[in-house]
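Here is what each chain is made of, one letter per residue.
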Amino acid sequence: MNTSRKGQVGWIIGAILIMFYALLPVAWILSLSFKAGDDINNQKFWPTNWSFENYDIVFSSDLFTTALRNSVGISLIATFISVVLAMLAAYAVARLEFPGKSLILGVALAITVFPIIAIATPLFNLWRTIGLYDTWLGLIIPYLSFSLPLSIYVLSAFFREIPWEMEQAAQVDGATAWQAFRKVIVPLAAPGVFTAAILTFFAIWNDFIFGITLTSSEAARPVPAALAFFSGASQFAQPTAPIAAASVVVTIPVIILVLAFQQKIVAGLTNGAVKG
Amino acid sequence: MAAIEMKHIIKKYGDGFPAVNDVSIDIADGEFVILVGPSGCGKSTLLRMIVGLEDITDGDMIINGQRVNEKAPRDRNLSMVFQNYALYPHLTVYENIAFPLRLSKTPDADIDKRVREASTLLELDDHLERKPANLSGGQRQRVAMGRAIVRQADAFLFDEPLSNLDAKLRGQMRTEISRLQRRLGITTVYVTHDQTEAMTLGDRVAVMKKGILQQIASPRELYEQPVNLFVAGFIGSPPMNFLPAEVRGDGKLQTPLGPIALTTDLQRQAVQGHDVLLMGVRPEAFEDAKLVDPDKRDKGDVFNAQVDVTEWLGNEQYAYIPFEASAEIRDQLRDLSRELDSDQLRTQLIIAIDSTSRIRAGRTADIWVDTRRMHLFDPKTGVNLTRDEQAGARLTAEVEEERREEMEEARNMPLGEAPDVQGSSSGDGSVGARDGAGSRSSGTQEAGSRRV
Ligand SMILES: Nc1ncnc2c1ncn2[C@@H]1O[C@H](COP(=O)(O)OP(=O)(O)OP(=O)(O)O)[C@@H](O)[C@H]1O
Ligand SMILES: [Mg+2]
């Protein structure tokens, strides 16, 4: 009894410490975003007066709102395409024996260890030549190539968990291979699909390097890159507080996503498919 | 409704190992055929070739007169209950059962009607909205059955559907399956390990060993007229007793139990040209000599033996009698029991005696054996030398006759006596209702597959 209580207390203290460590910067940015004008120099953690001034600045600036639109659009499109492609590829990897299968997996793994910065400059030149520079497509393509390997890995692990017999049963029931995939395999792999989708979305949403090197205007510049170009209320004020407000705004969708899908991610995989 | 013909079916897996080797079976329309055999003998492989989940290396698979070797599973219109049920965990029981109908684009009203008929038949009405994860093993098994029968497929294929259930539920489901098959009159192939299932369910039982079909016949023929040592040893529980027998000049066999006279012509023919034979006698061919009528007694032989153990089970009694055998024979019996997947130590006799018998362990007793029911096997090839083909064929023909009658009866059963079936909502005789549903379903299925 005693030891377990002690253990519990230890766990709680540990959890609080870790949460404190992880959340302190977030709280600080949150508090900064509410400090109006010169209040950021107030030498205190919390603002003297809580104010939404920075949020007004952020949302009235074209720079931020167009960047937000770019970010949302590019992230959603790239995530969607990436997950669909990854699903098909992962299914093949999990179910079929074909020549070059290990090569595909090897290359996929190699891509994930490739430093992004190393291809940023070549891409910059290439995109400028073929006219993809500063376009949505110009960002979506590199995002796809860097998010696919991870998604394929995550999804093929999920597909492998699904018993073969599920598909065979569907085929005997009259399904084509495609119907069996869509009506049985995909729903069963839904937790994996959500996991892959969220990981991909985060990675793209937070990307800075491609965002800054492959764009030059508001046509395609995403939020993380746009923040670097932020100026404050006046040309001469440090834009720290508005940047904090913008950061809070871009963090919100991420938090909402995690909360919304956390249930799906932890849901059991093939519960009740087989006898037990 | 379909007849299934298999002609010289061969299946070789990637490593060249013939999992199924030259199997030919004709299954009549509406027949219930059981596949049995020790683990790894190719039963599942054969079943999966029928349904189309496994490529056929060589031979012809003919369903309804059409060669289907190259057809995809979905074009064969067969339904299968998998060994582990393979229910769709993300769908409710209702949607699981409705799944094949949804794929064939059946109208919703029709789907609802047929799913409810199936669920009533299988007593699943209370569970339609639940997910498979929350059901018991028996309920899952019934959902799998529901998914199979809702479609009016041409044939049912079962792969050890009851193997994971407890004994009571297994018995219950066994009768349910039998009743259902008779009622729907649909050709069924059923794989099992279980003796009782094999003997009670099937019209005919196919015994396989290492990919080779040994014998296909009615349970009764298999039991009384097995073709070889393997079938004789595999069918029956407790198993047939095998004893070495030396042929003597005077029309008798010298066995570890003493001399035993040959009684039938078949037996006398069988010993021609052999020195040593294996004698096979079922446990129930023995009896306590004291309890045998004198006139019956003359038809067999009596020997005196030391009883090792007796088991009294109320309605019956078993006695165990150890015997001596040469090393060669012992090895052979050991090989046989290994082939049969059984762990019996076969240098003892298991005999069934009347439960009133006073024979007790550790004493010697006079045992009577009905020598007419004794089989003689060639020890080298295992062939049954005393098999009476005509008697065997008669036994199987009888079962065929019975099957026809039973199916007729099941079909003509008035609605009042069949509380559960299909016809209930349409009101007229169940035969007409079923036929109507059958033709309607094939119509929609064709339409559905054309559209896809
Ligand atoms: N995918 C495969 N690749 C290679 N060999 C296989 C494969 N599947 C089965 N086999 C072999 O084929 C033989 C028959 O297998 P099968 O599954 O049909 O046996 P079974 O009679 O159903 O046995 P059980 O009663 O244990 O289910 C076995 O010897 C097995 O090793
Ligand atoms: Mg099997």
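About the thresholds
Residues numbered from 1 in each chain as written. Chains lettered and ligands numbered in written order. Predicted model: local features only at pLDDT ≥ 70, side-chain atom pairs only at ≥ 80, totals over all residues. Heavy atoms only, no water. Pairing = 2+ DSSP bridges. Helix = DSSP H or I, 4+ residues; strand = E, 2+ residues; numbered from the N terminus. Axes fitted to C-alpha atoms, helices over the stretch in contact; angles between N-to-C directions. Near = heavy atom within 4 Å. Polar contact = N/O pair within 3.5 Å; in protein donor to acceptor, adjacent residues only side chain to side chain. Areas by Shrake-Rupley, 256 points an atom, 1.4 Å probe, with all protein chains shown as cover. Nonpolar A, V, L, I, M, F, W, Y, C, P; charged D, E, K, R; others polar. Domains from an automatic or database assignment. Contact = heavy atoms within 4.5 Å. Buried area = accessible area lost by both parts, 1.4 Å probe. Salt bridge = Lys/Arg side-chain N within 4 Å of Asp/Glu carboxyl O. Left-handed = near helix turned anticlockwise from the far one by under 90°.

Visitor: It is not clear to me how the sheet that holds strand E3 (residues 32–36) of chain B should be interpreted in this structure. Could you clarify?
Guide: Two strands in a sheet stick together by hydrogen bonds in their backbones, pointing the same way (parallel) or opposite ways (antiparallel). Residue and element names in this part refer to chain B. Taken in spatial order, the six strands make up an open sheet running E6-E7-E8-E3-E9-E10, and their pairing is mixed. Since the sheet does not close on itself, it has two edges, and those belong to strand E6 (78–81) and strand E10 (212–217), each with one partner. Going across the sheet, the axis of each strand differs from the next one's by a mean of 15 degrees, ignoring polarity. Examined bridge by bridge, strand E7 (residues 155–159) and strand E8 (residues 187–191) share five bridges and lie parallel to one another. Counted as the bridge partner of Ala155 is Thr187 from E8.

Visitor: Help me understand the environment of Ser60 of chain A, please; the structure alone is not making it clear to me.
Guide: Looking at where Ser60 of chain A falls in the secondary structure, it is placed in helix H2 (residues 53–60). Separated by 198 residues in the primary sequence, Ser60 of chain A and Val258 of chain A place their C-alpha atoms 28 Å from one another.

Visitor: What's the story with the site of ligand 1 in this structure? I'm lost.
Guide: All names here are of chain B. Around ligand 1, the neighbouring residues are Tyr13, Phe17, Ala19, Ser39, Gly40, Cys41, Gly42, Lys43, Ser44, Thr45, Glu160 and His193. The backbone of Gly40 places a nitrogen or oxygen atom 2.8 Å from an oxygen atom of ligand 1. For ligand 1, an oxygen atom lies 3.3 Å from a polar atom in the side chain of His193. If ligand 1 stood free it would expose 640 Å²; the protein chains cover 63% of that surface. Tallying contributions element by element places helix H1 (residues 43–51) first for the shell around ligand 1, with three residues. In terms of residue class, the shell around ligand 1 is made up of four nonpolar, six polar and two charged.

Visitor: I tried to follow the domain arrangement of chain B on my own but got confused; where do I start?
Guide: Interfaces are frequently sized by the accessible area removed from exposure as the parts join. Residue and element names in this part refer to chain B. Here chain B is described as being made up of domain 1 (4–77 + 153–222) and domain 2 (234–383). Each of domain 1 and domain 2 has a C-alpha centre, and these two points are 33 Å apart. Tallying the contact residues gives ten residues for domain 1 and seven residues for domain 2. Taking both sides of the interface into account, the surface hidden between domain 1 and domain 2 amounts to around 750 Å²; carbon and sulfur atoms contribute 63%. It is Pro38, Gln195 and Leu222 that lose the most area in domain 1 upon contact with domain 2, and together they represent 52% of the buried surface on that side. Taken together, the links from domain 1 to domain 2 amount to one salt bridge. Summed over the shared surface of domain 1 and domain 2, the number is three residue pairs in polar contact (both at pLDDT 80 or more). Breaking the side of domain 1 that touches domain 2 down by element, the ones donating at least two residues are helix H6 (195–201) and strand E9 (204–209). Looking at side-chain class alone, the side of domain 1 that touches domain 2 contains five nonpolar, three polar and two charged residues.

Visitor: Explanation requested: the interface of chain A and chain B in the structure shown.
Guide: With 23 residues of chain A at the contact, the number on the chain B side is 30 residues. Where chain A meets chain B, there are one salt bridge. When the shortest N-O distance is used, the salt bridge between Asp173 of chain A and Arg147 of chain B registers 3.5 Å. Linking chain A with chain B are seven residue pairs in polar contact (both at pLDDT 80 or more). Mapped onto the side of chain A that touches chain B, the elements with two or more residues apiece are helix H7 (164–172) and helix H8 (177–188) of chain A. Examining the composition of the side of chain A that touches chain B, we find that seven residues originate from one element, H7 of chain A, more than from any other.

Visitor: Explanation requested: the packing of helix H3 (residues 62–95) of chain A against helix H9 (residues 190–205) of chain A in the structure shown.
Guide: Packed helices, taken two at a time, are described by their axes: the angle between them and the distance between them. Residues and elements named next belong to chain A. Their axes nearest at 9 Å, the elements H3 and H9 cross at an angle of 145 degrees. Our pair here, H3 against H9, has a crossing hand that is right-handed. Together, Leu68, Ser71, Val72, Ser75, Leu76, Ala78, Thr79, Ser82, Val83 and Met87 of H3 and Val193, Ala196, Ala197, Thr200, Phe201, Ile204 and Trp205 of H9 make up the contact between the two elements. For the contact of H3 with H9, a count of residues per class yields twelve nonpolar, five polar and no charged.

Visitor: Can you walk me through the environment of Leu139 of chain A in this structure?
Guide: Residue and element names in this part refer to chain A. The residue Leu139 is located in helix H6 (residues 136–161) in this model. Measuring from C-alpha to C-alpha, the distance between Leu139 and Thr215 comes to 8.4 Å, with 76 residues separating the pair along the chain. When sequence neighbours within four positions are dropped, the list of residues in contact with Leu139 reads Ile74, Phe210, Gly211, Leu214, Thr215, Ala220 and Pro222.

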